[in-house]
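Close look at the chain arrangement
The lines below spell out each chain.
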Amino acid sequence: MTKDIDLKRSKSDDGDLASKPRLLLGDQVRSNSTGPFRSNSLDRFLRRAEKVWAVSTIEKKDVESQKPILESNQGPEGEEEEKKVGDLVQVGQHNYFIVDIFEKEIMELGDKVDLNFKTFNNFEVVDGGAPLDHHFYKYRCCYSSCFCFCTNINVEREWVILKRQLALWEKKEVSFCVRTYTERKELMRVAATVTNGDQSHMLFFFDIRFPKKYPYQAPSFFYHPYGLPLSNLGTKKKLRPQLRYNVLDVFLHIEEIVMMNTNKSYLQMVDMLKQRPMGFEDFVKGHFRKKGAFILRTMMDEMDLEKESDKNMFLKTYIAFEDNKAYCEHLLNSDLKEELKKFREKESSLCEHSRFNDNQETTRHQNSWTKFSFL
């Protein structure tokens, strides 16, 4: 049986950058205690907590499938065991996953995207082949087999080094999330995130192919532009020639490219949300849920919302982030809310008009084919 838990709200002192809390107090809350039961750091976290939506995308059968897990958390005498990350709990009429637990008292709740984003490893070897949208998917050095054995030993040796180094990179200016594949070990997909500076909300995706002669031959790179290529400084930056390459040099090269890039487009983020790279779907959605309010605030500071073009770009980005379940409503004043309502009505009207024209065109072609068949 799922257990109802009351939502614990807290006041925010962080202005627009703070959003509604998604933290719950478990049974361990000592409501009758005379002294404080939470640390100051935990109180600060409460004030900075973000909004998380209910699991509206979960089918009823998915919820039913979680019941054995929930029931298994009960002790031999019917007492509920301690909750853990990934468990499903019920709050009112909604079901949530436990995304994180703080000091055994406070639970961060969310849906499957929040859980997958929170638990997304910075390095993982995926069982099976590479995704079909990988730029080098069709490039093989071993055409006689469905597996590539040429680079397995050389690349696999460096996986341990790379995994250890990625944890240290999280504390630097650029962090990485990497996926490689058991059946295509010569391929990698890399997501690079700038952790500070003007580009702290941007995502960069690279596909990498290690050649047959690696480490004596440099690997190949492909950047996913999403309508916006890297700046000239980034594209002209080449991997320094070496007698012997290693995987850390490859990632240092990507870090330099990302930090030198000066191109930025908010429409690129919208396109990335629509066409997420395979294997990173929830990572992209989770990233823009987390950064959505910050990105929109930056747009409001950089743009002249009195200009029609800037206003339309802002509203389009806002709708994309809101559809992605980022909490952004607190950024809008009454005038922007009215403009958003008009923009939605305009977009809906255009969609209806386009759908009507498509139906008319289909009917015209069908009538022409009918006349032709009776000639």
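Now for a look at the structure at hand. (Residues numbered from 1 in each chain as written. Predicted model: local features only at pLDDT ≥ 70, side-chain atom pairs only at ≥ 80, totals over all residues. Heavy atoms only, no water.)

1. Brief notes about the pattern of salt bridges
A side chain with one charge may pair with a side chain of the opposite charge, provided their charged atoms come close. All told, the structure shown has 15 salt bridges when counted by the stated rule. Salt-bridge contacts for R289 lead to D111; the nearest nitrogen and oxygen are separated by 2.9 Å. A residue pair is termed long-range when its members are at least 10 positions apart, and R289 in helix α9 (residues 281-302) and D111 in the loop between β4 (106-110) and α3 (112-118) qualify at 178 residues. By the burial criterion, R289 is buried, and D111 matches it. With a shortest N-O distance of 3.0 Å, R189 and D133 are connected by a salt bridge. Residue R189 is located in strand β7 (residues 187-194), and its partner D133 is located in the loop between β5 (123-126) and α4 (152-157); the two are separated by 56 residues in the primary sequence. A relative accessible area of 1% means that R189 is categorised as buried. (Salt bridge = Lys/Arg side-chain N within 4 Å of Asp/Glu carboxyl O. Helix = DSSP H or I, 4+ residues; strand = E, 2+ residues; numbered from the N terminus. Buried < 20%, exposed > 50% of the residue type's maximum accessible area, 1.4 Å probe, protein only.)

2. What to know about helix α8 (residues 266-274)
Among the residues of α8, Y266, Q268, M269, V270, M272 and L273 are the ones counted as buried. The inward-facing, buried residues of α8 contact β8 (203-209), β9 (220-223), α9 and α10 (308-323). Its side-chain oxygen placed 3.3 Å from the backbone nitrogen of L267, S265 serves as the N-cap of α8. (Contact = heavy atoms within 4.5 Å. Polar contact = N/O pair within 3.5 Å; in protein donor to acceptor, adjacent residues only side chain to side chain.)

3. Re the nonpolar core
Counting residues in each nonpolar core, the largest one holds 62 residues, and the members touching the most others are F176 and F251. A per-element tally of this core places α9 first, with 8 residues. By size, the runner-up hydrophobic cluster in this structure holds 6 residues, among which are V89, V91, Y96 and L109. (Core = buried A, V, L, I, M, F, W, Y, C linked by side-chain atoms within 4.5 Å.)

4. Comments concerning the packing of aromatic side chains
What the rule picks out here adds up to 13 aromatic pairs. Ring plane angle 40 degrees and centroid distance 4.9 Å describe the contact between F120 and F283, whose orientation is recorded as tilted. In this pair, F120 sits in the loop between α3 and β5 while F283 sits in helix α9, placing the two residues 163 residues apart along the sequence. A relative accessible area of 7% places F283 in the buried class. With a centroid separation of 6.3 Å and 35 degrees between ring planes, the pair formed by F204 and Y223 is classed as tilted. With F204 in strand β8 and Y223 in strand β9, the pair connects residues that are 19 residues apart, well separated along the chain. The class for F204 is buried, based on a relative accessible area of 0%. A cation over a ring is seen here: R179 above F120, with NZ or CZ 4.0 Å from the ring centre. (Phe/Tyr/Trp six-rings, centres within 6.5 Å; stacked < 30°, edge-to-face > 60°. Lys NZ or Arg CZ within 6 Å of the ring centre and 35° of its normal.)

5. Observations concerning unusual backbone geometry
Cis geometry is found at the peptide bond from Y214 to P215, where omega equals 15 degrees. Along the chain, P215 falls in the loop between β8 and β9. One non-glycine residue, Y226, adopts positive backbone phi at about 50 degrees. Considering the arrangement of structural elements, one finds Y226 in the loop between β9 and α6 (232-236). With a phi angle near 70 degrees, K325 is a residue other than glycine that sits in the positive phi range. In this fold, K325 is placed in the loop between α10 and α11 (334-373).

6. Observations concerning the environment of K118
Within the secondary structure layout, K118 lies in helix α3. Residue K118 is classed as partly exposed on the basis of its relative accessible area of 42%. Sequence separation between K118 and H287 is 169 residues, and the spatial gap between their C-alpha atoms is 9.7 Å. Sequence-distant contacts of K118, that is, excluding residues within four places in its chain, are made with V99, D100 and E108.

7. Points about the environment of H134
By the element assignment, H134 lies in the loop between β5 and α4. When its relative accessible area of 3% is taken as the criterion, H134 is described as buried. In this structure, the C-alpha to C-alpha distance between H134 and I208, residues 74 residues apart in sequence, is 8.9 Å. Beyond its immediate stretch of four places on either side in the chain, H134 contacts Y181, L187, M188, R189, D207 and I208. Among the polar contacts made by the side chain of H134, one reaches the main-chain amide nitrogen of F136 at a distance of 3.1 Å.

8. Quick look at the packing of helix α5 (residues 159-169) against helix α7 (residues 247-260)
Two elements in contact, α5 and α7, have axes whose closest approach is 10 Å; the angle formed by their N-to-C orientations is 30 degrees. With respect to α7, the axis of α5 lies roughly parallel. Between α5 and α7 lies a crossing of right-handed hand. Of the residues in α7, those in contact with I161, L162, Q165 and W169 of α5 are V247, L248, F251, L252 and E255. The residue inventory of the contact of α5 with α7, partitioned by class, reads 7 nonpolar, 1 polar and 1 charged. (Axes fitted to C-alpha atoms, helices over the stretch in contact; angles between N-to-C directions. Parallel < 35°, antiparallel > 145°, perpendicular 65-115°, else oblique. Left-handed = near helix turned anticlockwise from the far one by under 90°. Nonpolar A, V, L, I, M, F, W, Y, C, P; charged D, E, K, R; others polar.)

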